[in-house]
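So you can see what is in the structure, the chains are spelled out below.
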Amino acid sequence: MMYRYCAFFCFPGVLLTLFYLFSADIRYTSVVTELSGELYALSLWSNAFSPWEEDLFRRVVHFFAGRDPSDPLHFAKYSSTLSSILLALGLGFWHLQRGSTHWRGAAGIALSLCFFHFLYGINATNAALICWLPWLLGSCWIRVPLLRSIAVGSSSLLLVSASPVAALLFLPFFLGEWSEARGSTRGIRALGLLLALLLVCFHLLTSTSEPFFPDYPPTGHIVTDDGVAGFTRPLTGISPPIPVVNRTALKEALFFPALFLILGALLHGFFSYFRSATAFPTRGTLPLLFLTLCLALDVLLPEALAMIAPLETFRRVVPSAFLIAPATLVCGALLVTASSSLHPLILALAFGFTMFFIPGGRPPLLGALASPSSDSLVKRYQSAKNNGILLRNGSRKKLDEKELAQLRKVFFSPSFAVIQYYDLSMRVLLAPHPTHLRYSRLRHHHHPLPLHLSASPNSLLEPETLVDKRFDTRVRVGRGGQRGGEFLCIESEQAMKRVRLTPGDFFTDFPRGLLVGTGERCADKKELLRTAKRYAPWEGSLHFTDKGFPYFGHQAIVELPLEKPAKAILLQQTEVAYFDWSIAELKVAFAKRAHHSEEEKSLERK
Amino acid sequence: MGRSITQSHRWDDAASLPFMQVVYCLHGFMDHSVRANSLLMFFSSCRDPRCIRHLLLLLTGMIIGGTLLLALNGEISWWEESDAPLFFGGLVRVGLLSLGIVGALWGLQPKRDELPHLSGAALLILFCAEWLSLPFSLLQGPSIRGEILFFGFLAVTCWPFRRMLLPILVVFTPFFLSWCFFRSADGRLLFSDDNPTFLYRLLLLREHFPSIPFYNPLWNAGIDARDFFATGALNGFLLFSPLIYLTDLLSTYNILIILLLFFFVPGALFLAGRILRFSPLTCALASLLSLTSSLLWYRWALQFGTLGFITSSALLPIVLALGIQFLEERHLPLWKAALTVVAVSLMLLWSPSGLVCIPLLAISLCALPKLFRQRWWPLTTILILAVNVPWITLFWSVSNVSSFLDTPHQEVGEQAPSTDELFYRDLNQEERTVQSSRSQLSVGTVSRPRFSERKTVFKHKKEPITFDGARKRLREALHNAHPLLWLFLVPGLLLLSGYTRLIFTVTLLWLLGLGTVGALIKPQLELDRMLVILLSLASLPVARAISSVLEEKRSSLTSFLTCGFLIAGIFSVGSVILNRSVVPISFQDEEVEEISAAVKEHAGEGRTLFSGFILHDFSGGHLAPLPLMTGKPILASSPVHNLWSYQQIFPKSFLERESEGIQEYLDLMNVSLVFAHEPKWRAFFERQPLLYHQVGRIGKFSFFTRSSSPESYFLEGSGEILSQSSGSVRFRLTEPDGVLRFQSFPFLTVTQEGGTAPAGCHLSSRQIDADLRFVALHGCPTEVPLELRAVSPVVRWKRSYLGGGGSEE
């Protein structure tokens, strides 16, 4: 018996460790950066807001000590791993409490944990919240009343201290338990529920501190547009100046796990309905079904409707919940708890199907790894392996304290999504960013224009229109609509260092995705494409706030600084959209003849 | 395990309502014990005449909702504001629909307890319509639909415990809103619009009450501080006098706001309900609704800071309830009579509130014999008159109320150019818009400075009295309102009885008339506020209707939507307080402290002048409290929000002479420090470095010291200014005659320091300019401390009504 107990605790942990060993890239998918020899890793795939704000140990320290730990970075670095181990142990504990000591159960746990980490990477937010859930569930099964009360109380406290959002997870279970209670225990349970609610309310009201938000302008953005007009603000709690949760990426990433969970829940319900004579839903299943339904409404519905679904509503109503995405939390919790009910083989098949055999070739993890320069999971892995690290300190010089502080601020800010999108290097992040950029004056009466333009067949290309300083005239690139493959190539005798395309009054006619190549001649299109950078979907131009935080500018305006001055710039549209790709105005900035601008010189000196 | 028999019975009972049919069916499908016959029961119950009747009622309610939206909006679009309209409703169509509704109601003959379900069905239409997505809606859609569903679901889930949970919600709400306010304030003082002015008035009242009105030399070289009457500052002052006297109001002003808005207002509604003998549940609901009555309510309270109005509006239900009790009860207890005196007196301190009570007075006159039978009625009436007549008459006289009511209106866009524009042309000043937040309500653009020949411009422009104009005002108010308050109002009124129903109905109709048509006739009275009062007052009858829904054994579609809207309203108000709505609320920022410090440091003994037109440029509020913050005299276009068009601080005659004239004016007023926040004025002072030395810049305010200033408050004669306070000027003369650089008023007197008897001086006015008169002294004692101050209020009253001493301005 004893060895089984040990196995239940150890097997998931061992498998998790193996998983870590064999998938080193996955662990640090979202960001890996090297600062003075130290490695920092975080996953921020659905949330542009800093996850360590919701970090397990930071919250616990804050909850019990009344103050924050001195260096949140250290917590961010280690706590997510520790919370994963806690989660594994908790699942083992839960299973043992339920009397399940079969190897199959341990395998199920291990599989679900692997899947959990594969899906989320090291996501401190989710891991920290979910790691206490199995402890709470397991505590409910303890037979000794006093011990049960203590265990339930302490695990609830830990769960809530990890984040107030955890209330979302345990309240349905409490309500389910309470509704089942009869007679004298009902009053006691009611009191318990009231106390729990009071605890949550107290915690919500006292522990939501104002996080740091950079000085983004209201016109900027850092996450993909969710398609709903305006910016939904929370009714309580903290409201960031611009949206921070990438709803588009989230829905894309969670679509298949949610579908799998719903199908699983339906099948489970169907079989249990016919298998047992007891009433459906059975005890404890109703909250799970409720959460699954909430997840489905959040992930599967169009955003205009998902906005009024329970999870998004919860996000707006509960203080501090607006900064995270409850869907990820619910999905994680359901995946973990699913391991208790499903056969490991079914789990493995379902996970495998979800991860690798999805039509369209866009597995959910790609949401986590979303980067313009990689169009497949495999490619992304290769990229990570080839580069070793995703964000490099090119000069390998040790950064001074000031630079380090600036980098830390920028990394651990909502701007991280922008850094990831543009693959920004430390050099760029530390460089001074001019707020006013000078473009060369191109006028329509200049004959000939200092540019040679070529575009894909059937384009309505009138070069003069591009420089007539009128926003109500346009050039259409391609046949009409966006079908992928439309291109515009700009060639000049003098090397260019920046280009800006404005759709003017035709603000819907911006390219949905871009491939940008630079070289010497437009005629060598293949050569230009070979080294091209991909920006798909096109989010917006790169801008920096006065304090050096990157953000996306207006999506309709394409403004691209080039890494090296080039005589030919190829812009190829890659996506499919109903709207044309139109350009009302074109501007270019030429590099100085000496090839080195003052800005570049100063950077080199640095 | 199957459901218990009791539970099954409960569900069987629930089958009478259409919504519950669906729930029953779904639940039955899930429940093993009843699933076999659930569908059969559902369809069989639909053949039940009761079920058909409920369906017809539901349909009628939905048509009522649709017709109301058509009548108010002229069209119905679903869901989003940008959606194309589905229905258009002209008068004819609305009339036909109304006839249909009347016919349906005639045929259905709904019982009293069925009336709220009509409103519940109308709520369903409202839920789906774009009404919730309009920008000035209290419930800010489209996302608010999620909260409505969420809380509706929660309420229906906890339906058996509603009697326990509702009191918790009622207690929780004020604390939650207070938390939102503290969070929003983040330790800063509320500073929106008139809030600093109100704070200033309270501080002045603390110093001078009951000697009001008085002479305040710290503002604009001396003003008549008399606006305590017109603005209702007195009721707030009296109500919160312990807090005002015992604490530092500059630190505790936010607490006063919280106490007033989140505790006093719901408390007053609760008390009014209890006086009317409503059930505690109804009273609790009324107090909850009063907290979420409308966006306009918080706009007037938090953005505009009209706290006198808020206090009076909160007291009005108590006054009406007590009035009804006088008419209904045979022997009213003494405490209620005493409460009547207090409540009426406090309410009347915001004078337009008297208008609201006209229907009550009219009905009371009709039932005069009944009133005479009341033991305490004569004494109560006498006391009310004794307390209020003196100050009302004084207010009437000193504030020139009659001339205010007869003031001609400025039609926007009809103003003639004035001579001071010449100066502005020289400065290349472009036509500007006064960035008044209040102007968002109706009038946005006003023109540039003008002086003596101008007509008075008010917040609202005078409009022709049309049905469309009245409807527009009503629509604007209802957009801002909590939908429950107007959708459940008619059922609520019908559920009342006796004098309560009569007085509430007539008063609400009267308020509707005042707020829509009255506002068009007399825009200077800002009667549109009556609609805000209407919505607050409607809380009581609406609470009666909602409580009848909550008292039902079973939850229904009506209870689902009603609870959803009710709780979503609380969170929406929280969001408004957290500054996440179209109503901006500003708090004191660092700029205020910095400007105060700069004035203290650089003003010296002279005055500080704010050039141009200053309105909400002082951290979103008015400059009013600056003299008390700095202890220095200030000059600006106006300390309070009494100007609705651009008005320059420099008089026309001085502006015409440009730099020389301005220099002369600054000398005349003994200005030592000049602030400029408008770009052209900044440029003007910067261009003359020999005359104005720029000391620094705080936000958009540049401030300059003058290279030469008279450094004397004596235009003629000589002496010494010993001190200036908010109520007097202490000085000493070395010659018996002199002219002080302080504005002259007929109610001024000079006394020896510490005494009230005249010092033997003869006071007269020295006309400096069309709008500027200085105090001239003749035959005063020399080398003794003297005090320039206002005569006592009693003397002013006597002078106004009994003669002897000249009339007030």
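Keep in mind that this is a model prediction, so the values were computed, not measured.

Caption draft 1: Representation of the environment of Pro 326 of chain A in the model. Residues and elements named next belong to chain A. Looking at the element boundaries, Pro 326 is found in helix 15 (residues 326-341). The buried category is assigned to Pro 326, whose relative accessible area is 1%. Sequence separation between Pro 326 and Cys 294 is 32 residues, and the spatial gap between their C-alpha atoms is 10.0 Å.

Caption draft 2: Geometry of the side chain of Arg 316 of chain A. Following the sequence through the fold, Arg 316 of chain A ends up in helix 14 (residues 310-317). Here the side chain of Arg 316 of chain A touches Ser 143 of chain B through a polar contact of 2.8 Å, landing on its backbone oxygen. Among the polar contacts made by the side chain of Arg 316 of chain A, one reaches the side chain of Glu 147 of chain B at a distance of 2.7 Å. When sequence neighbours within four positions are dropped, the list of residues in contact with Arg 316 of chain A reads Thr 232, Arg 233, Pro 234, Leu 235, Thr 236, Met 307, Ile 308 and Phe 322 of chain A together with Ser 143, Gly 146 and Glu 147 of chain B.

Caption draft 3: The confidence of the model for chain A, seen in detail. Residues and elements named next belong to chain A. Taken residue by residue, chain A gives an average pLDDT of 70. The fraction at 70 or more is 57%. In this model, residues 21-56 is a region of pLDDT below 50 whose contacts with residues beyond four sequence positions or in other chains number 129 contacts. Confidence drops under a pLDDT of 50 for residues 357-394, and excluding neighbours within four residues, the segment shows 75 contacts in the predicted structure.

Caption draft 4: Molecular detail of the environment of Arg 476 of chain A. Residue and element names in this part refer to chain A. Positionally, Arg 476 belongs in strand 4 (residues 475-477). Excluding anything up to four places from it in sequence, Arg 476 contacts Asn 458, Ser 459, Leu 460, Asp 580 and Trp 581. Looking at Arg 476, its side chain comes within polar contact range of the main-chain oxygen of Asn 458, at 3.0 Å.

Caption draft 5: Up close: the sheet that holds strand 11 (residues 719-724) of chain B. Residue and element names in this part refer to chain B. Read across the open sheet, the 4 strands follow the order 11-12-17-14; overall the sheet is antiparallel. Each edge of the open sheet carries a strand with a single partner, namely strand 11 and strand 14 (748-752). Ignoring which end each strand starts from, the neighbouring axes of this sheet average 30° apart. Where strand 12 (residues 728-733) meets strand 17 (residues 785-790), 5 bridges bridge the pair, whose relative direction is antiparallel.

Caption draft 6: A look at the pattern of salt bridges. Tallied over the entire structure, the rule returns 27 salt bridges over all chains. Of the charged contacts in the structure, one is a salt bridge between Asp 472 of chain A and Arg 470 of chain A, with a shortest N-O distance of 3.1 Å. For Arg 470 of chain A, a relative accessible area of 44% puts it in the partly exposed group. In this structure, Lys 336 of chain B and Glu 329 of chain B form a salt bridge, with 3.5 Å as the shortest nitrogen-oxygen distance. Of the two residues, Lys 336 of chain B and Glu 329 of chain B, both sit in the buried class. Bridged by salt links that share partners, the residues Arg 247, Lys 251, Asp 298, Glu 303, Glu 312 and Arg 315 of chain A form one connected network.

Caption draft 7: Structural context of the sheet that holds strand 13 (residues 738-743) of chain B. Residue and element names in this part refer to chain B. With respect to topology, 4 strands assemble into an open sheet ordered 10-13-16-15, the strand pairing being antiparallel. Strands at the two margins of the open sheet, each flanked by one partner only, are strand 10 (714-716) and strand 15 (762-769). Sheet twist, expressed as the average angle between the axes of neighbouring strands with direction ignored, equals 40°. The pairing of strand 15 with strand 16 (residues 772-778) spans 7 bridges and is classified as antiparallel. In the sheet register, Asp 769 faces strand 16, and the bridge partner there is Leu 772.

Caption draft 8: Representation of the packing of helix 24 (residues 467-480) of chain B against helix 27 (residues 498-521) of chain B within the structure. Residues and elements named next belong to chain B. It is the contact of helix 24 with helix 27, at a shortest axis distance of 9 Å, that shows an interaxial angle of 130°. In terms of orientation, helix 24 and helix 27 fall into the oblique class. By crossing handedness, the relation of helix 24 to helix 27 is classed as right-handed. Note on element contacts: helix 27 touches helix 24 through Leu 512, Gly 515, Thr 516, Val 517, Ala 519 and Leu 520, opposite Gly 469, Ala 470, Arg 473 and Leu 474. Split by residue class, the contact of helix 24 with helix 27 holds 6 nonpolar, 3 polar and 1 charged.

Caption draft 9: Summary view of helix 13 (residues 249-275) of chain B. Residues and elements named next belong to chain B. Taking 1.5 Å of rise per residue, 27 residues should cover 39 Å, yet helix 13 covers just 33 Å from first to last C-alpha, more than 12% shy of that figure. Most pronounced at Phe 264, the bend in helix 13 amounts to some 35°, and the proline Pro 266 follows within four residues. Phi turns positive one or two residues past the end of helix 13, at Arg 277, with a value near 65°.

Caption draft 10: Just the nonpolar core, in detail. If you look at the biggest cluster of nonpolar residues, it comprises 191 residues, and the most contacted ones within it are Tyr 298, Phe 565 and Phe 610 of chain B. When residues in this core are grouped by element, the largest group, 14 residues, is from helix 16 (residues 307-328) of chain B. If we skip the residues at most four places from it in the chain, Phe 610 of chain B touches Ile 595, Leu 623, Leu 626, Ile 634, Leu 635, Ala 636, Ile 649, Phe 675 and Phe 701 of chain B. Within the second largest apolar cluster, 67 residues are counted, among which are Leu 323, Leu 501, Leu 542 and Trp 581 of chain A.

Caption draft 11: Focus on the packing of aromatic side chains. Residues and elements named next belong to chain B. Within the structure shown, the criterion is met by 44 aromatic pairs over all chains. When the ring of Phe 151 is compared with that of Phe 571, the centres are 4.9 Å apart and the planes differ by 15°; the resulting orientation is stacked. You can see Phe 151 sitting in helix 7 (residues 144-157) and its partner Phe 571 sitting in helix 30 (residues 557-577), a full 420 residues away along the chain. Across this residue pair, the class does not change: Phe 151 and Phe 571 are buried.

Caption draft 12: Representation of the pairing of strand 16 of chain B. All names here are of chain B. In terms of burial, strand 16 is largely enclosed, as 5 of its 7 residues are buried. Where strand 13 and strand 16 come together, 4 bridges link them in antiparallel fashion. Directly across from Leu 740, in strand 16, lies its bridge partner Val 775. Between strand 15 and strand 16, which pair antiparallel one after the other, the connecting turn spans 2 residues.

Cut-offs applied
Residues numbered from 1 in each chain as written. Chains lettered and ligands numbered in written order. Predicted model: local features only at pLDDT ≥ 70, side-chain atom pairs only at ≥ 80, totals over all residues. Heavy atoms only, no water. Helix = DSSP H or I, 4+ residues; strand = E, 2+ residues; numbered from the N terminus. Buried < 20%, exposed > 50% of the residue type's maximum accessible area, 1.4 Å probe, protein only. Polar contact = N/O pair within 3.5 Å; in protein donor to acceptor, adjacent residues only side chain to side chain. Contact = heavy atoms within 4.5 Å. pLDDT = per-residue confidence, 0-100. Pairing = 2+ DSSP bridges. Axes fitted to C-alpha atoms, helices over the stretch in contact; angles between N-to-C directions. Salt bridge = Lys/Arg side-chain N within 4 Å of Asp/Glu carboxyl O. Parallel < 35°, antiparallel > 145°, perpendicular 65-115°, else oblique. Left-handed = near helix turned anticlockwise from the far one by under 90°. Nonpolar A, V, L, I, M, F, W, Y, C, P; charged D, E, K, R; others polar. Expected span 1.5 Å × (residues − 1). Bend = angle between axes of the 7 residues up to and from the residue. Core = buried A, V, L, I, M, F, W, Y, C linked by side-chain atoms within 4.5 Å. Phe/Tyr/Trp six-rings, centres within 6.5 Å; stacked < 30°, edge-to-face > 60°.

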